[in-house]
Amino acid sequence: MPTALMIIPPIVDEGLLKIIVNHAERNLAKAGFNNVVFCGPLRGIYGFGSAALTVYIDQWYSSSRGILTRCGETYLTPPIMLIRGTQPYLSPGTYVKLLWALRSFNRPIVVPARGGKGLSTPILMANAKLFRRLIKLNRRFKLASAMVRFLIENRRDVLMVEVNDECLGVRVTPSACLGVIK
Amino acid sequence: MIMCTTVNDDYRVEVFSRATKLVLVDTSRGVIHVEDNPALQSVNKRPTVARRCVELGADVVIAPHGSVCYPSYRILKQHNVKIYVTEPGLDLSSISAIPLSRWEVFYSSIIAVLERLSER
C-alpha cells in the first residue's frame, strides 16, 4: 500500500497553499496512494481528505535541513513517494506511471525524466531502508540537495521513467500550472 | 496499514468512550473487523479501547478528539502504535488526521475525569 509524503515549503499565500494541498491530495488518492502525508507550515490548512488516511503535520521550518527527520516520524508504509512541495502540480497519470514502473522493473528507486534527463522530485522508493538513507542525508543537506545526492549515491538502483507531464518541474508560482488545475 | 478506531452506528468516527463499535480498517481493503466497543462494558473506557487495538494488532490508532487520555497514551506508546487525532463525525472511508500532541493527551485526560465524575 503506497504512501506519499509531500514536504510543503513556506507559502505566504494561504489561498495558493490550499489549492496546492487539495490538488495534490486528490491526484495522489486518484493514483492509488491510500496514505498521504503533508508536512510543513500548513497553518491549519487541510484538504478534502480524499485518501483513506491523510495526515497533516503542521511543522514550521526555516531551513529544510533535517525536515525529513521531523516528518518521517509518521507511519509510512512502503513504497514511499517523496515529493517536494515546491513542484506540486503533477497529474495522477504521472504518479500511476511511476508506481507501475516500480512494480514492473527490478529497480528500487524510480524518478520521472524528461528528454532523457531525470528529475529529483518526486522520488519513489521501494523500501523504508532507502528512505532512512535519505533522512540521513537530509540531516546534513537541504532537502533538494539531499534528494539529488541520494540519487547520485544510488544511481545503479535508479530507474528513470519518461513522463509527458507539462507540470513536471514547474515550481510554485501563481501563473505556472495553476491554470491547468483550475 | 491496519488502523484501529471507534465509530457509531452509521460508521462515523466517535470518541472512544461513547462509540458503539470498534473497527479495524485496512487502508487498501476497507473495514476488516467490527466488534462492539469493549469500553461500553468497562470502567476504564479509553484504556480498554487502546488495549483492544493493541491486541488486534493495529499499526495506527485513529483517535477522535478527546479520546487519548494519559493511560491509553501509555499503552499505545509502549506497544509502538502510532496515534493520530481526528475530528469526531468524519466518515470512515477517508480520514484526515494530525499527529497526537501533549495538549490532546491533557485535554482527553480532563474529559475522562469529568466523564467519570458525571457517571457517579
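Residues numbered from 1 in each chain as written. Chains lettered and ligands numbered in written order. Predicted model: local features only at pLDDT ≥ 70, side-chain atom pairs only at ≥ 80, totals over all residues.

Trainee: Tell me about the nonpolar core, residues and numbers included.
Mentor: All names here are of chain A. Counting 87 residues, the largest nonpolar core has Leu-5 and Phe-38 as the members making the most contacts within it. At 7 residues, helix α1 (residues 14–30) tops the list of elements feeding residues into this core. Not counting residues up to four positions away in its chain, the partners in contact with Leu-5 are Val-37, Cys-39, Cys-71, Leu-76, Ile-80, Leu-82 and Ile-83. (Core = buried A, V, L, I, M, F, W, Y, C linked by C-beta atoms within 7 Å. Buried ≥ 20, exposed ≤ 12 C-beta atoms within 10 Å, placed from the backbone. Helix = DSSP H or I, 4+ residues; strand = E, 2+ residues; numbered from the N terminus. Contact = placed C-beta atoms within 7 Å.)

Trainee: Before we move on, could you go through the interface of chain A and chain B and cite the residues and values that matter?
Mentor: Across the boundary between the two partners, chain A contributes 16 residues, which contact 14 residues of chain B. Among the elements that make up the side of chain A that touches chain B, the one with the highest residue count is strand β3 (residues 53–58) of chain A (5 residues). Residue composition of the side of chain A that touches chain B, grouped by class: 9 nonpolar, 7 polar and no charged. In the sheet, β3 of chain A pairs with strand β6 (residues 95–99) of chain B via 3 bridges, with the strands oriented parallel. Each residue of the ladder has a partner; that of Thr-54 of chain A, found in β6 of chain B, is Ser-96 of chain B. (Nonpolar A, V, L, I, M, F, W, Y, C, P; charged D, E, K, R; others polar. Pairing = 2+ DSSP bridges.)

Trainee: How would you explain the environment of Cys-69 of chain B if you had to name every residue and give the values?
Mentor: With respect to the helices, strands and loops of the structure, Cys-69 of chain B is situated in the loop between β4 (60–64) and α2 (70–78). Placed 22 residues apart in sequence, Cys-69 of chain B and Pro-47 of chain B show a C-alpha to C-alpha distance of 7.8 Å.

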